[in-house]
Amino acid sequence: MRESIKDKVAIIGMGCTRFGERWDASAGDMIVEAASEAFEDAGVEPKDIQAAWGGTLWTGLTGMTVGHALKLQFIPITRVENACCSGTEALRNAAYAVASGVYDLVLAVGYEKIKDLGSPGVPMAQGSGTPTQVFPQASAPGLFAMLATRYFARYGLGREEGKTMLAKISVKSHDNGFLNPKAHLRRKITVEQVLAAPIIAWPLGLFDCCGTSDGAAAAILTRADMARSFKDDPVYIKALQVAVGFGAGDMRTDYDYTHVEEAYRAGQAAYAEAGVTNPRQQISMAEVHDCFSITEAIVMEDLEFSPRGRVNEDIDAGIFLLTGELPVQPDGGLKCFGHPVGASGVRMIYECYLQLRGKAGERQIKNPKLGLTHNQGGQPPSAAVAVSIVGRDIG
Amino acid sequence: MVGIVSYGAYIPWYRLSREEFLRAWGGFAMPGERSVANYDEDSLTMAVEASIDCLADTDARTVDGLIFATTTAPYNEKQGSAIMALALDLRRDARTADMTDSLRAGAAGMAWARDAIEAGSLSKVLVAASDCRLAAPSSMLEQVLGDGAAAVLLGKDKLIATIEGSYSISDEFAGLWRASTDTFLRTWEDRMVLDEGYSRILPEAIAGVMKKYGLTPKDFAKLVLDLPTDLRRHGRVATQTGFQTAQLQDGTSLFLGVGATGAASGMMGLVAALEEAKPGDRILLASYGNGADAIVLRVTEGISSLGPRRGMKNHLASKKMLANYEKYLKWRSMVAEAPPQGPGRGLISLSAMHRDSRILIGGYGKKCLRCGTPQFFQGGVGYPPIRVCIACQAKDQFEDYRFAGRKGVLFSFTQDNLIPAMDPPAAVGVVDFDGGGRAFLDLTDRDVDKMEVGMKVELTLRKLFFEQGIHNYFWKIRPIRC
């Protein structure tokens, strides 16, 4: 990488729909809902937008899904897709366009209308299959469960011990989601409930799995030097990194199934770009891709918040609670805010944007300076991972 | 002299207690249990299993002929033996043929193979007999049948038994039949079909072969017969033809543990007989179906140096009781099922299957010539071909590397209740192969409660699903059975 994105681009307006089973809303409805909030927040009109990027996995082809919904007229709109990183990719491409100096004001919107597909969980059959249809019969929970099986085996966690570690992750996210009016699942749970829940894919039970939801989130970006002409408290982009796997873990016996190399690599690159040398100390909060409890556990280690094999100790110490040293999933995460695939990356930035500006209401963290987001697309052991860092202050 | 070089057998892991038929339908339960092919097995995959067992100590590339004997071929128009040849890694110029539609297809196949070798046109012919027949639910036949396979390799060298002669009768009569449009077996009044069929034609063939070669029952150590639909007729043929009951290859335990396995029945009996045989033993194999084939075999000294194999004995002992009759109905597609929720599986592509057939059915991967890393094709997002090495990134510097036949260790796994499955929970796992290489595959024939990281596993060819008239065969992982 020749040059850093740090402090070149600012976010001056954001919007996010309520996530959930939005039987009332189409993808277009939700794009309008999220974008309108963002326009109002930024104090701009749709006609001011010079270019737009839409991120989605399953919802509509081309940029027309966004253009038709918002009636954006004859501007360049591009649909981007990188599985669960799609929303972040929309934001990343939009940010680069601004940083290049070609555009001053752009829109990034992530959206997904999953619940019209009629599938329990994410519809695995679409997109992941090969023309010969020999991909093993596993759901998304099943694919991630293999990480937990191996993590337990490697670190000698018994059935109860391992399940309890994971349960605490979900309990924390439910506590946070309970405080979030836009969250899909707003209900507190207990460790006992998690342990007693039906098994979805051993060892993951119902409460180890995130909600699959409809939703959309939008961001309006401008040059950092213009940001204050729109807003007194913009948020600055510090790092936008993506690492894409090449399938090594599927084929090479040196992959351990207890970490995600792409997450580690993207994290390291993002820290370098943002000038973060001690993530545990310097990152104020993180929204990570907790599609399943085990994913969050492993990501804590990949991002160097916890030492390898020892996330359990930090979970027990309450480090990642809303009141902890490094709050993780303050908005409830994928677990409770929900996971409309293409929207999730932008939703995470939305929470950072609220928290960094002191607008997170009941779940406000004290004096945050840097927020980190992490998306993981694909299935273990090969992923596309995005790690982004945004900050309150320049420098 | 032509004879048997090697043998192998296969009995599915699952057995269904005949009490389950009584529970389901009332009436009468025959004693014992029957074998039930797993949902992902058919006559072809079972024949492949028996053939792999048979070729345990033979270089498959030396085999130049293959006969697939069955009455339940997976296709009406597509040669099963051609699929098997790929799965068994036979040479492209091996002659393949399917011997179908008769319960004596196995013995008949042996006789035809023997003649081809005798004539000098072929040197080593594998004959694999396998069946997975359906009787209508609630019929007594449903209890009698079993699923299984056996294979023998015929050749001229290193024989464990010579074939001294054969005799064949053709007879139009069929006591059991299926028209080309029938799913289930049909029959006629029990006594008539046995009196006029099995009990008349089989003795005629036995007497015929003894007369042809000037032999008497005293000359034989064993008489091996197909299992009839009524076990009593099995022993009666022996006495009808002057044999002592002690000479008859045990049919009772086969009936109590497996059932009547159709075209595979006689050959499975032969394998069981060979497992016990001593050099010098003469065996008479007689197989019935629209006539009969009788074959005279003489065991050689070679039998004592035949390597270990699973055969009948080990497969019989390795089993899992099927929980209930309903599972059997489901696995054989005899009950309507709710379609899975959500978007279905995408279309299967014949062109892609054809392009990758050596990978999919042949079980081949690649090995990097530069760094030596074996690499197995993955069905996931990393779609083949393997053109760039996963370890050193060398391009197009590979040799073919066969994974089928290798064992390995289960590195991780899950059992998934969410994905629709024929045998829930759906089990998938990652295998690290002995000698290198890794694959992520479906798991089959596993005990839900006994799965653990580090267990020894092997590959088995199975049918992933049936769609658009295509049986989608691919390799799965199986905990080593026996």
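Conventions adopted
- Residues numbered from 1 in each chain as written.
- Chains lettered and ligands numbered in written order.
- Predicted model: local features only at pLDDT ≥ 70, side-chain atom pairs only at ≥ 80, totals over all residues.
- Contact = placed C-beta atoms within 7 Å.
- Helix = DSSP H or I, 4+ residues; strand = E, 2+ residues; numbered from the N terminus.
- Nonpolar A, V, L, I, M, F, W, Y, C, P; charged D, E, K, R; others polar.
- Core = buried A, V, L, I, M, F, W, Y, C linked by C-beta atoms within 7 Å.
- Buried ≥ 20, exposed ≤ 12 C-beta atoms within 10 Å, placed from the backbone.
- Domains from an automatic or database assignment.

1. Some remarks on the interface of chain B and chain A
With 45 residues of chain B at the interface, the matching set in chain A holds 40 residues. Only α12 (350-355), β18 (407-416), β19 (426-433), β20 (438-442) and β22 (470-479) of chain B provide two or more residues apiece to the side of chain B that touches chain A. In terms of residue count, β18(B) provides more of the side of chain B that touches chain A than any other element does, 6 residues in total. Of the residues that constitute the side of chain B that touches chain A, the class distribution is 23 nonpolar, 16 polar and 6 charged.

2. A short note on the environment of Ala10(A)
Residues and elements named next belong to chain A. Residue position: Ala10 is located in strand β1 (residues 9-16). In this structure the C-alpha to C-alpha distance between Ala10 and Thr373, which are 363 residues apart in sequence, comes to 16 Å. Not counting chain neighbours up to four residues away, the residues in contact with Ala10 comprise Leu221, Thr222, Ala224, Ala227, Pro234, Val235 and Tyr236.

3. So, the environment of Ser357(B)
All names here are of chain B. Here Ser357 is to be found in helix α13 (residues 357-360). Measuring from C-alpha to C-alpha, the distance between Ser357 and Ala87 comes to 9.5 Å, with 270 residues separating the pair along the chain. Contacts of Ser357, omitting those with residues within four sequence positions, involve Leu86 and Gly362.

4. Re the nonpolar core
If you look at the biggest cluster of nonpolar residues, it comprises 291 residues, and the most contacted ones within it are Ile31(A), Ala108(A), Val109(A), Ala218(A) and Val127(B). By residue number, the principal contributor to this core is helix α14 (residues 341-356) of chain A, which donates 10 residues. Per-domain counts for this core show at least three residues from each of domain 1 (3-331) and domain 2 (350-479) of chain B. Once you skip the residues sitting within four places of it in the chain, Val127(B) turns out to touch Ile67(B), Ala69(B), Gly106(B), Gly109(B), Met110(B), Ala113(B), Ala151(B), Val152(B) and Leu154(B).

5. Side note on unusual backbone geometry
With an omega of 0°, the peptide bond between Trp202(A) and Pro203(A) qualifies as cis. Put simply, Pro424(B) and Pro425(B) share a cis peptide bond, and its omega is -5°. Following the sequence through the fold, Pro425(B) ends up in the loop between β18 and β19. Its identity as a non-glycine residue notwithstanding, Phe74(A) has a phi of 65°, on the positive side. Among the secondary structure elements, Phe74(A) is positioned in the loop between α2 (64-70) and β3 (77-80). Even without glycine at this site, Gln393(B) takes up a positive phi of about 65°. One can find Gln393(B) in the loop between β16 (374-375) and β17 (398-402).

Interpretation note: all reported values are geometric properties and have no functional meaning in isolation.
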